[in-house]
Amino acid sequence: MPHPIMFREDDMGLAEVRGIALGFPEAFEKISWGRPVFCAPKMFVMYGGSVKSSAEGGVRSGPKNHYVQYPHSILIKVDDSDRKALEQDPRFFYPAYMGPFGWLGLDFAVQKVDWVEVAELVDSSFRLVAPKRSIKQLDGR
């Protein structure tokens, strides 16, 4: 059973993210987990994310996990040297599933989006996962 689509083409910031991400060497878009994902060939940015939180269930059912959605956000891979500073910023969140693998989310709904900053974050994420030839191509522009 395919994952349900979790975005709309007119979602806040999606067009801008798409414009930034598809500007990287060998970048392409696909839908994974119901969300737009940008790869080159490995994933370097995802539009939309969620946070796993625990809510107490009934006596018999015990604790249940549920997900808080951040539909207007991106997930990016971050360098360990930047992680602590970014985690202090209220716009960033620790995404379900991806967080333990070095990813953070940036929520566009918290304040006005600085697209120059987003482009820099996407660039950093790309450089952490892209093949050396793609990074060389990027630097040669």
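See the structure above.
Computed from a predicted model, the values in this text were never measured in an experiment. Position numbers for residues start from 1 in each chain and track the written sequence from start to end. The predicted origin of the model limits local features to residues at a pLDDT of at least 70 and limits the giving and counting of side-chain atom pairs to 80 or more, whereas totals for whole chains, interfaces and linings rest on all residues. The basis for the side-chain values is all heavy atoms of the structure; hydrogens and waters are excluded.

With reference to specific residues and values, describe the packing of helix α1 (residues 14-21) against helix α3 (residues 115-129).
Packed helix pairs are characterised by how far apart their axes lie and by the angle those axes make with each other. Direction vectors running N to C along α1 and α3 enclose 45 degrees, while the axes themselves pass 10 Å from each other. Here α1 lies oblique to α3, going by the angle between them. In the crossing of α1 with α3, the sense of the turn from one axis to the other is right-handed. Here E16, V17 and I20 of α1 come into contact with α3, specifically with W115, V118, A119 and V122. To obtain an axis, a line is fitted to C-alpha atoms, over the contacting stretch when the element is a helix, and the angle between two such axes runs from 0 to 180 degrees between their N-to-C directions. Secondary structure elements are defined from DSSP: runs of H or I of at least 4 residues count as helices, runs of E of at least 2 residues count as strands, and each element is numbered from the N terminus. Angle categories: roughly parallel below 35 degrees, roughly antiparallel above 145, roughly perpendicular from 65 to 115, and oblique for all the rest. Handedness of a helix crossing follows the sense of rotation of the near helix relative to the far helix, less than a right angle counterclockwise being left-handed and clockwise being right-handed. The contact definition used throughout considers only heavy atoms, calling two residues in contact when any of these lie within 4.5 Å.

How would you explain the nonpolar core if you had to name every residue and give the values?
Residue types Ala, Val, Leu, Ile, Met, Phe, Trp, Tyr and Cys, when buried and joined through side-chain atoms within 4.5 Å, form a set referred to as a nonpolar core. Only protein chains enter the area calculation, which uses a 1.4 Å probe; residues under 20% of their type maximum are buried, those over 50% are exposed, and those in between are partly exposed. Judged by nonpolar contacts, the single largest core of 28 residues is most densely connected at F44, V45, I74, F108, V122 and F126. Counting residues per element, the ones that place at least two in this core are α1, β3 (43-56), β4 (63-77), β6 (103-107), α3 and α4 (132-139). Take this core: its biggest share by element is five residues, from α3. Not counting residues within four places of it along the chain, the set of residues in contact with F108 comprises M12, G13, V17, Y47, H72, S73, I74, V113, W115 and V118. Listed in part, the nine residues of the second largest apolar core include M43, V51, L75 and W103.

Lay out α1 in plain terms, naming residues and giving numbers.
Since the α-helix packs 3.6 residues into each turn, any two residues three or four apart lie on the same face. What α1 keeps buried is the set L14, V17, R18 and A21. Buried residues along α1 cover an arc of 100 degrees about the axis, so they all sit on one side. Set apart from the buried face of α1 by more than 90 degrees, the exposed residues are A15 and G19. What the arc measures is the spread of directions leading from the helix axis to the C-beta atoms.

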